[in-house]
Amino acid sequence: MSVADVISGGGLGRRLRWTDALRNPLGTACHHAYGSPVLAVVYHAVCDTVPDHLKHIYRPRTPKEFTEDLDFLLKHFEPTDLPTVTGSAMGGPEIRRPSLLVTFDDGMREVAEVAMPILRRKGIRPALYLNLNFLDNKTLFYRHKASLLAERLGRLAEADPRRAVCAATLARAGAVAADPAAGVMKVSWHQRAVLDEIASVLEFDTAGFLATQKPYLTRDEIADLMAEGVSIGAHGFDHPNHRLLTPEQRKEEVTGSVAGIRELFGPGCGSFAFPYSDEGLPDTLFGELYGSGVDLTFGTSWPRRGGPQRRVQRICFENGPAPAKQQLVKRLLRGGAGNMKRALAG
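Residues numbered from 1 in each chain as written. Predicted model: local features only at pLDDT ≥ 70, side-chain atom pairs only at ≥ 80, totals over all residues. Heavy atoms only, no water.

### Section: the pairing of strand 5 (residues 231–234)
Consecutive side chains along a regular strand alternate between the two faces of the sheet.
And step 1. Alternating positions in strand 5 separate into two faces, Ser231 and Gly233 on one and Ile232 and Ala234 on the other, with burial throughout.
And step 2. In this sheet, strand 5 lies alongside strand 4 (residues 127–130) in parallel orientation, the contact comprising four bridges. By the bridge assignment, Leu128 is partnered in strand 5 with Ile232. (Buried < 20%, exposed > 50% of the residue type's maximum accessible area, 1.4 Å probe, protein only. Helix = DSSP H or I, 4+ residues; strand = E, 2+ residues; numbered from the N terminus. Pairing = 2+ DSSP bridges.)

### Thoughts on the environment of Val41
And step 1. When you line up the elements, Val41 lands in strand 1 (residues 38–43).
And step 2. The exposure class of Val41 is buried, given its relative accessible area of 0%.
And step 3. Separated by 59 residues in sequence, Val41 and Leu100 place their C-alpha atoms 7.6 Å apart.
And step 4. Not counting residues up to four positions away in its chain, the partners in contact with Val41 are Leu73, Leu100, Leu101, Val102, Thr103, Ile315 and Phe317. (Contact = heavy atoms within 4.5 Å.)

### Looking at the pattern of salt bridges
And step 1. For the structure shown, the criterion picks out 23 salt bridges.
And step 2. With its nearest N and O atoms 2.9 Å apart, the salt bridge here joins Glu65 to Arg59.
And step 3. The class for Glu65 is buried, based on a relative accessible area of 14%.
And step 4. By relative accessible area, Arg59 is classed as partly exposed at 30%.
And step 5. Salt-bridge contacts for Asp196 lead to Lys145; the nearest nitrogen and oxygen are separated by 2.6 Å. One end of the pair, Asp196, is in helix 11 (residues 193–201); the other, Lys145, is in helix 8 (residues 142–155), and 51 residues separate them in sequence.
And step 6. Classification of Lys145 as buried rests on a relative accessible area of 10%. (Salt bridge = Lys/Arg side-chain N within 4 Å of Asp/Glu carboxyl O.)

### Describing the layout of surface pockets
And step 1. A volume near 660 Å³ is recorded for the second largest pocket.
And step 2. Contributing elements (two or more residues each) for the lining of the second largest pocket: helix 8, strand 8 (311–316) and helix 16 (324–345).
And step 3. Counting residues per element, the lining of the second largest pocket draws most heavily on helix 16, at five residues.
And step 4. For the lining of the second largest pocket, the per-class residue count stands at 10 nonpolar, 10 polar and nine charged. (1 Å grid on protein atoms, 1.4 Å probe; cavity = no way out; pocket = protein on both sides within 12 Å on 5 of 7 lines; lining within 4 Å. Points joined across faces, edges and corners; volume = space filled by probe spheres on them. Nonpolar A, V, L, I, M, F, W, Y, C, P; charged D, E, K, R; others polar.)

### Observations regarding the packing of aromatic side chains
Geometry of an aromatic ring pair is reported as the spacing of the ring centres plus the angle between the planes.
And step 1. Across all of its chains, the model carries 12 aromatic pairs by this definition.
And step 2. Ring centres 4.9 Å apart and planes at 90 degrees place the aromatic pair Tyr43 and Phe66 in the edge-to-face group. Note that Tyr43 is positioned in strand 1 and Phe66 in helix 5 (residues 63–76), a separation of 23 residues in sequence. Comparing Tyr43 with Phe66 shows no difference in burial state: the two are buried.
And step 3. The exposure class assigned to Tyr43 is buried, which follows from its relative accessible area of 0%.
And step 4. Pairwise contacts between aromatic rings join Tyr43, Phe66, Phe104 and Phe317 into one cluster.
And step 5. Sitting over the face of the ring of Tyr129, Arg314 holds its NZ or CZ atom 5.8 Å from the ring centroid. (Phe/Tyr/Trp six-rings, centres within 6.5 Å; stacked < 30°, edge-to-face > 60°. Lys NZ or Arg CZ within 6 Å of the ring centre and 35° of its normal.)

Encoded structure:
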């Protein structure tokens, strides 16, 4: 990689200059690494006490940690919003300064209750990526169900016969682990019906949980957030791993959910965030999606040089308690090492 490569950057905004690196070295490093002046970050929930349906999946940021993340990021990036990023990526005005786009996936209730008061104080208008099937608490995300069941399995006594029944059920589905609480977290989207069998054994009432706990935002709550300038995009119907889908299923999951979100919340809601990651998906898919009315896509993999500007990568800060600064620098170093390795291999 040459000095010219390091300085040229590219992507959504103008080319980098030496003076940019002097004024804002972190913003310049991110611009070069991500090929864009926009640093897109993704969260799911913000809470002091982690609810059981999230406990075995990831570690949400506490309000204090989330506030500290934003305070650090806003020292190096100006807040932007999804319409601005979309317009720039689709040929509109360039974004010229290091900018921060905050996004949330899955439409969790805690976004409105805990994260939004913090975001309002910081002057940030986030983008929410919603699963159509979870809206209004109609159905429960299979991973959230798995986490709830793992918590209940973990509380069972070793001699409880239900542990053996659940372990046998999981083994038939290939979700084998030393402990059934760990095994239930191995259940994939294709095997999700097994979770209903486990729920029956443990007498877990899914409908009752949705009715009483209401883990997801409702359409009315989302409309209120949109009135404040919050943007909305699609995250699929029920959160499958796209690497496990057929090409036909993949395209329908994206274009169908984008069409559904647009119908509910307006024609401007045309972007899609891939569940888990867009890594390993065929390049031809993205051209098909953009040609089928999808404005922009988001993933969480490392960006590739020369990729379409409408394919944006995000970084997640829910990988443990380390502050955003430490996680971001680690990501940049790891990504830089990967780029160097690929360059040497080529």
